[in-house]
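# Tertiary structure, described
One letter stands for each residue in the lines below.
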Amino acid sequence: MTRRILLINGPNLNLLGRREPHIYGKTTLAEVEEQARSQAASHGVELETFQSNHEGAIVDRIQEAAGWGPNAAPKDGAAAQEQPKVSVIVINPGALTHTSVAVRDALLGVDIPFVEVHVSNIHAREPFRNHSHLSDKAAAVVCGMGVYGYTAAVEFAARHVRAEDGK
Ligand SMILES: O=C1C[C@@](O)(C(=O)O)C[C@@H](O)[C@@H]1O
């Protein structure tokens, strides 16, 4: 079965490269996503991407990763068996990190391991950014490495997927 990684980016990360470049750098989200896709492919893993500025859309997409939720394809019979599963979620929740119990509940609800990524070092910024609603449940947390954090997270996720396959 094809294994999948789902890369989710939350609010304002569509502006990567243009937004506060002194904090988030000049690499665009399209470049991050393309690099992540080919990096995963080099491990024989498919990578899907999703960005939204809307909390509910992110909750829906997380549920969909488990084959649930309002947008999930109907599952029955053999087709359901063959549907590739998302094995790991890599997520930069943006500001939702600090506010969203709903995103936390969605990630815990689907029981898919996740890696939390932040481009900036959230512990070296304003106090309201120091707390994450996700970190205590994350398989790993990457922050302060710039967009290289996505590379580190995808590498970790791909290894996890391969380990699942017993390779
Ligand atoms: O939107 C973001 C981006 C961020 O998640 C990061 O990648 O460093 C950090 C958050 O505090 C902020 O709201």
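Not measured: the values here are computed from a predicted model.

### Things to note about the UniProt feature "active site" (unreviewed entry) in the protein
Here the UniProt-annotated "active site" (unreviewed entry) positions come out as Y24 and H118. Spatially, the listed residues are clustered: although they cover 95 residues, their C-alpha atoms lie within 9.4 Å of one another. The annotated residues that sit in the lining of the second largest pocket are Y24 and H118. Structurally, Y24 is set in helix α1 (residues 21-24). Position of H118 relative to the elements: it lies in strand β4 (residues 114-118). Beyond its immediate sequence surroundings of up to four residues, H118 is in contact with N92, P93, T97, V142, C143 and G144.

### Concerning the UniProt feature "binding site: substrate" (unreviewed entry) in the protein
Per the UniProt annotation, the sites labelled "binding site: substrate" (unreviewed entry) are N92, H98, D105, V119, S120 and R129. A maximum C-alpha distance of 24.1 Å among these annotated residues, which run over 38 residues, shows that they spread across the structure rather than meeting at one spot. Of the annotated set named above, N92, H98, V119, S120 and R129 line the second largest pocket. Within the secondary structure, V119 is located in the loop between β4 and β5 (140-143). Structurally, the position occupied by S120 is in the loop between β4 and β5. Excluding its chain neighbours within four sequence positions, the residues that come into contact with S120 are I23, Y24, R125, C143 and G144.

About the thresholds
Residues numbered from 1 in each chain as written. Predicted model: local features only at pLDDT ≥ 70, side-chain atom pairs only at ≥ 80, totals over all residues. Heavy atoms only, no water. UniProt positions renumbered as here; feature names shortened; annotations may be inferred. 1 Å grid on protein atoms, 1.4 Å probe; cavity = no way out; pocket = protein on both sides within 12 Å on 5 of 7 lines; lining within 4 Å. Helix = DSSP H or I, 4+ residues; strand = E, 2+ residues; numbered from the N terminus. Contact = heavy atoms within 4.5 Å.

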